[in-house]
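# Commentary on secondary and tertiary structure
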Amino acid sequence: MSTPTINPLRVGLRQERVITPQCLVIFGASGDLTHRKLIPALFQLFLQRRLPSDFAIIGCARRPWSDDEFRERMAQALKRETKNNTKGVTQFLEYLFYESVDLQQPEDLIKLGKRLEEIDRIKATHSNRTFYLSVSPKFYGSGCQALARAGLLNDPKRSRLVIEKPFGRDYGSAQALNQIVQSSCQESQVFRIDHYLGKETVQNILVMRFANAIFEPIWNRNYISSVQITAAETVGVEERAGYYESSGALRDMVQNHLTQMLAITAMEPPGHFDPEAIRNEKAKVLQAAHLANELEPWKCCVRGQYEKGGSRSKPLIGYRDEPGVNPTSTTETYVATKLFIDNWRWQGVPFYLRTGKRLAKRLSEVVLTFREAPVHLFDAAGGSPTSNQLILRIQPDEGAEFRFEVKSPGSGMRSRPVEMEFSYEESFGEPSDEGYVRLLADAMLGDPTLFTRNDEVEAAWRLYTPLLELIEDRPWQLPTYPYESRTWGPAESDALLSKDELLWRRP
Ligand code: BG6
């Protein structure tokens, strides 16, 4: 009798699908991501009864833990992350196993292979495996090669590889990593994570655009005058200075999360709802995108770094005083930049991207501003009518709003702007799952729709190459301007928009 393999998916995102029996192997099981995101997301899938009964999770790291020690630590992590709401946790822990593995030691992978065979027997997981690389990015290439050498990626129908971000640190290193990955397994086995694509509201951009006939006809340069994409955080660098110092906001947020939001907002409609059709369109739009001034990139980008701020009762320290940060660091914690997309749909429409830590508010959104009415027939409150705006609220207040002018009550004919709103919570009554819940399920289902393909990731790095090279070679041309914590970033970033007679939205 043939054993079930992972479904090759053509059903895309259409229906609730069933995860086939398998073993999920997490490398980096002692790390922060496993504790804070992966195990809680798997627990959520368990509570939603989406994990098959023939299922196992093997945590792998160098530490010599036993299965029980790993289970105990994950139980603690779940307590913290679910605020003690751990009903069902004992049952969930039965899925967990641990194997001490150093990805650099070939004999450890042979040992892991044997453990997997044993778990296949106990748990009937049918040699279906999803390997999750949640290790330091410097081990992505060698880890992938080690898995391939141990024969663990041999069967493209039964084994997959999930790779966390950052995928490379520039165009060249992303290309080199892609080459290693592709010499170790097939592209169809690879799932590059960008957790923003797991957010319900990011996926909703696709549904808003392609399930409603009213938006597509106006979703172009004839009606839209500019687009702003923001991912603002209130937190600082926290305990991640070691990573962040050599990354900065451009690599940490812009190249991946903001660029993925841009791709989904700007892509052409796919011919059908199929993973490759969607990823083809995303790759195409990223290949058509470029910085507004590629030859003089300092003119279209502003970098910033947070200084102390906050309130008297809750003072906040500046980036350079954070533990682990070089006191003369010039790493940016804020970036604003301007792009264009050279295609029929978007020619001449500026896309402004901004992200920062320690900003005034936690908020991610995509704002489409429509062209003004050609003739102003009415007096407007505030002098001139505001442009219509469609605001796609990614988080935290998930939903969308449309701003338009209406008649102010009274005998005159004055107009003023109002908002029409949709809120996920009000309409559906419950907050959406964390992005990792969706992405882990999709990876285990073998659905690559919400993962970035090799050409997409390279196109995204290529886009920012002029900025990365400038920061590397002539950093004084792109200085990091200081901004006070809990404000909207350096004043210089306002100039990026005021040159175009625009303002950043400050909700
Ligand atoms: C991560 C970045 O990818 O995304 C972090 O490395 C950032 O620096 C985080 O804080 C933001 O994610 P979210 O989902 O909280 O917007």
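Residues numbered from 1 in each chain as written. Predicted model: local features only at pLDDT ≥ 70, side-chain atom pairs only at ≥ 80, totals over all residues. Heavy atoms only, no water.

### Description of the pairing of strand E13 (residues 363-370)
By the criterion of burial, E13 is predominantly enclosed, with eight of the eight residues buried. Across the two faces of E13 the burial is the same, with Leu363, Glu365, Val367 and Thr369 and Ser364, Val366, Leu368 and Phe370 all buried. With eight bridges joining them, strand E7 (residues 224-232) and E13 adopt antiparallel strand pairing. Residue pairing across strands places isoleucine 224 opposite phenylalanine 370, the latter belonging to E13. With six bridges connecting them, E13 and strand E15 (residues 389-395) associate as antiparallel partners. Bridge assignment links leucine 368 to a residue of E15, and that residue is leucine 390. (Buried < 20%, exposed > 50% of the residue type's maximum accessible area, 1.4 Å probe, protein only. Helix = DSSP H or I, 4+ residues; strand = E, 2+ residues; numbered from the N terminus. Pairing = 2+ DSSP bridges.)

### Observations concerning empty space enclosed by the protein
Here the idea is plain: a probe the size of a water molecule rolls over the atoms and shows the empty space left. Tallied over the full model, the rule gives two cavities of 30 Å³ or more. Reported here for the largest cavity is a volume of approximately 130 Å³. Taken together, 16 residues form the lining of the largest cavity, with Asp194, Gln255, Asn256, Thr452 and Val457 sitting closest to its centre. When residues of the lining of the largest cavity are traced back to their parent elements, those giving at least two are helix H9 (248-266) and helix H13 (454-473). No other element matches H13, which puts four residues into the lining of the largest cavity. (1 Å grid on protein atoms, 1.4 Å probe; cavity = no way out; pocket = protein on both sides within 12 Å on 5 of 7 lines; lining within 4 Å. Points joined across faces, edges and corners; volume = space filled by probe spheres on them.)

### Brief notes about the pattern of salt bridges
Enumeration according to the criterion identifies 32 salt bridges in this entry. Between glutamate 434 and lysine 37 there is a salt bridge, and its shortest N-O distance comes to 3.2 Å. Placement of the pair is glutamate 434 in the loop between helix H11 (424-428) and helix H12 (435-445) and lysine 37 in helix H1 (residues 32-47), with a sequence separation of 397 residues. Overall, the relative accessible area of 22% leaves lysine 37 in the partly exposed class. Between lysine 111 and glutamate 99 there is a salt bridge, and its shortest N-O distance comes to 3.7 Å. With a gap of 12 residues between them, lysine 111 in helix H4 (residues 106-123) and glutamate 99 in strand E3 (residues 96-100) connect regions that are remote in the sequence. The class for lysine 111 is partly exposed, based on a relative accessible area of 36%. (Salt bridge = Lys/Arg side-chain N within 4 Å of Asp/Glu carboxyl O.)

### A short note on the site of the ligand
Taken together, Lys165, His195, Tyr196, Lys199, Glu233, Arg240, Asp252, Met253, His257, Lys357, Arg362 and Gln395 are the residues near the ligand. The side chain of lysine 199 places a nitrogen or oxygen atom 2.6 Å from an oxygen atom of the ligand. For the ligand, an oxygen atom lies 2.6 Å from a polar atom in the side chain of aspartate 252. When the ligand is considered free in solution it has 390 Å² of accessible area, and contact with the protein chains removes 81% of it. Here the shell around the ligand takes three residues from H9, the largest share from any one element. (Near = heavy atom within 4 Å. Polar contact = N/O pair within 3.5 Å; in protein donor to acceptor, adjacent residues only side chain to side chain. Areas by Shrake-Rupley, 256 points an atom, 1.4 Å probe, with all protein chains shown as cover.)

### Some details on H13
The end-to-end C-alpha distance of H13 is 27 Å, a good match for the 28 Å that 20 residues give at a rise of 1.5 Å each. Along H13, the sharpest change in direction is near 50° and occurs at threonine 465; proline proline 466 comes one to four residues later. Counting buried residues along H13, 14 of its 20 residues qualify, which places the element largely inside the surrounding structure. (Expected span 1.5 Å × (residues − 1). Bend = angle between axes of the 7 residues up to and from the residue.)

### Quick notes on the side chain of threonine 337
As for its position among the elements, threonine 337 is in strand E11 (residues 334-341). Separated by 2.8 Å, the side chain of threonine 337 and the backbone oxygen of cysteine 300 make a polar contact.

### Some remarks on a nonpolar patch on the surface
A cluster of nonpolar side chains, Val375, Leu377, Phe378 and Met413, forms an exposed patch at the surface whose accessible area comes to about 450 Å². Considering the arrangement of structural elements, one finds phenylalanine 378 in the loop between E13 and strand E14 (379-380). Overall, phenylalanine 378 belongs to the partly exposed group, its relative accessible area being 43%. (Patch = residues over 30% accessible without salt bridge, like charges linked within 9 Å, V, L, I, M, F, W, Y side chains within 5 Å.)

### Some remarks on helix H10 (residues 275-288)
The end-to-end C-alpha distance of H10 is 20 Å, a good match for the 20 Å that 14 residues give at a rise of 1.5 Å each. Taking burial as the measure, the 14 residues of H10 include 10 buried ones, the bulk of the element. For H10, the complete set of buried residues consists of Pro275, Ala277, Ile278, Arg279, Glu281, Lys282, Ala283, Val285, Leu286 and Ala288. Here the buried face of H10 lies against H9, strand E8 (289-291), E11 and H13. You can read the cap of H10 off the contacts: a side-chain oxygen lies 2.9 Å from the backbone nitrogen of glutamate 276, and it is on aspartate 274. (Contact = heavy atoms within 4.5 Å.)

### Some remarks on the state of the cysteines
Applying the stated criterion across every chain yields a total of zero disulfides. Cysteine 144 provides the cysteine sulfur closest to cysteine 185, a residue in no disulfide bond, and the two sulfurs are 5.0 Å apart. Residue cysteine 301 stays outside any disulfide, its sulfur separated by 6.4 Å from that of cysteine 300, the closest cysteine. Relative accessible area serves as the criterion here: at 5%, cysteine 301 is assigned to the buried category. (Disulfide = S-S within 2.5 Å.)

### Considerations on the packing of aromatic side chains
Enumeration over the complete set of coordinates arrives at 23 aromatic pairs. Look at phenylalanine 46 and phenylalanine 92: their rings are 5.6 Å apart centre to centre, the planes differ by 55°, and that puts the pair in the tilted class. Highlighted residues: phenylalanine 46 in helix H1 and phenylalanine 92 in helix H3 (residues 89-93), separated in sequence by 46 residues. Just as phenylalanine 46 is buried, phenylalanine 92 falls in that class too. Judged by centre distance (5.4 Å) and plane angle (45°), the ring pair of tyrosine 424 and phenylalanine 428 falls under tilted. Of this pair, tyrosine 424 and phenylalanine 428 both sit in helix H11, four residues apart, roughly one helical turn. Clustering of aromatic rings is evident, with ring pairs tying together Phe43, Phe46, Phe55, Phe92 and Tyr95. Sitting over the ring of phenylalanine 97, arginine 71 keeps its end group 5.3 Å from the ring centre. (Phe/Tyr/Trp six-rings, centres within 6.5 Å; stacked < 30°, edge-to-face > 60°. Lys NZ or Arg CZ within 6 Å of the ring centre and 35° of its normal.)

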